[in-house]
Amino acid sequence: VIGHKEVKEQLVQLVQQNRLSHSLLFLGKEGAGALPLALSFAQYIICSSSKNAESSGGLFDNPETTDDKQETLTDSCGVCLSCQKANKLIHPDIHFSYPVITKKPGEKPIATDYINQWREFIDKQPYSNEFDWLQFIGAENKQGNITAAECNDINRKLSLKAFEGQYKILVMWMPEQLGKEGNKLLKLIEEPPPDTIFIFVGE
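Here's what I pulled together on the structure shown here. Just so you know, these numbers come straight off a predicted model, no measurement behind them.

With that settled, the discussion passes to the layout of surface pockets. Of the volumes computed, that of the second largest pocket is approximately 240 Å³. Around the second largest pocket sit 14 residues that line it, and Val7, Leu25, Phe26, Leu27 and Leu37 are the ones nearest its centre. Partitioning the lining of the second largest pocket into residue classes produces ten nonpolar, four polar and no charged.

Side-chain alternation along strand β2 (residues 94-97) places Ile94 and Phe96 on one buried face and His95 and Ser97 on a second face that is also buried. Here four bridges tie β2 to strand β3 (residues 168-173), and the two strands are oriented parallel to one another. Bridge assignment links Ser97 to a residue of β3, and that residue is Met172.

Okay, the packing of helix α1 (residues 5-16) against helix α2 (residues 34-46) next. How two helices sit against one another is set out by the angle between their axes and by the gap between those axes. One way to put it is that α1 packs onto α2 with a least axis distance of 11 Å and a crossing angle of 25°. The orientation of α1 with respect to α2, classified from their angle, is roughly parallel. Considering the relative orientation of α1 and α2, their crossing is right-handed. Taking contact as the criterion, the partners of Val7, Lys8, Leu11, Val12, Val15 and Gln16 in α1 are, on α2, Leu37, Phe41, Tyr44 and Ile45. When the residues that make up the contact of α1 with α2 are grouped by side-chain class, the tally is eight nonpolar, one polar and one charged.

The next point concerns the packing of aromatic side chains. A complete count under the given rule lists twelve aromatic pairs for this structure. Taking the centre distance of 6.2 Å and the plane angle of 40° together, the rings of Phe26 and Phe41 count as tilted. With Phe26 in strand β1 (residues 23-27) and Phe41 in helix α2, this residue pair connects regions lying 15 residues apart in the sequence. Classification of Phe41 as buried rests on a relative accessible area of 0%. Consider the rings of Tyr98 and Trp133, whose centres lie 5.3 Å apart with planes at 80°: the pair is edge-to-face. Highlighted residues: Tyr98 in the loop between β2 and α4 (115-124) and Trp133 in helix α5 (residues 130-136), separated in sequence by 35 residues. Of the two residues examined, Tyr98 and Trp133, each falls in the buried class. One aromatic cluster is present, formed by Phe96, Tyr98, Trp118, Phe121, Trp133, Phe136 and Trp173 through successive ring pairs.

Here is what the cut-offs are and how they apply
- Residues numbered from 1 in each chain as written.
- Predicted model: local features only at pLDDT ≥ 70, side-chain atom pairs only at ≥ 80, totals over all residues.
- Heavy atoms only, no water.
- 1 Å grid on protein atoms, 1.4 Å probe; cavity = no way out; pocket = protein on both sides within 12 Å on 5 of 7 lines; lining within 4 Å.
- Points joined across faces, edges and corners; volume = space filled by probe spheres on them.
- Nonpolar A, V, L, I, M, F, W, Y, C, P; charged D, E, K, R; others polar.
- Buried < 20%, exposed > 50% of the residue type's maximum accessible area, 1.4 Å probe, protein only.
- Helix = DSSP H or I, 4+ residues; strand = E, 2+ residues; numbered from the N terminus.
- Pairing = 2+ DSSP bridges.
- Axes fitted to C-alpha atoms, helices over the stretch in contact; angles between N-to-C directions.
- Parallel < 35°, antiparallel > 145°, perpendicular 65-115°, else oblique.
- Left-handed = near helix turned anticlockwise from the far one by under 90°.
- Contact = heavy atoms within 4.5 Å.
- Phe/Tyr/Trp six-rings, centres within 6.5 Å; stacked < 30°, edge-to-face > 60°.

Here is the structure:
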């Protein structure tokens, strides 16, 4: 993740000092890297190695150490099974929500319907914007939305227990596209289940 040194340090301190809020807003201008930062932070939270390390380094960077065996408290290890899954966007405890389109009349699309395209898009264009995403999924002139069906699916997924780790994390990209459907999430956001974290990424 390019730049954002002070923000990275603050995020690490939240975890290390056990002050991690259940809801965070990553707000940045288009191309500023808010989404890559949010994804890296989610990986850091679920990393099974970073909590046990004893040395220091740089958050989400390759830590500069002289000893190859040194680990870092301020970065995810990148090699544990949790990190590998998070890096591929397939970790079962990290959920994603983003604007989608309706392809057929009466269809009620949810983010999971587009998960393969999402993984490919993030792999190729992590610093892109919503327009790029919508073109990537063939929206043409259609408006992208986070639908009521998506909100219901979020409520369902986050009511379940974590599959592998301590935390369940939802990364919602472009929450600006929620509209009135977002009312379905208010209670969940205000009173989330234990160890549930919301990371909202907006412009």
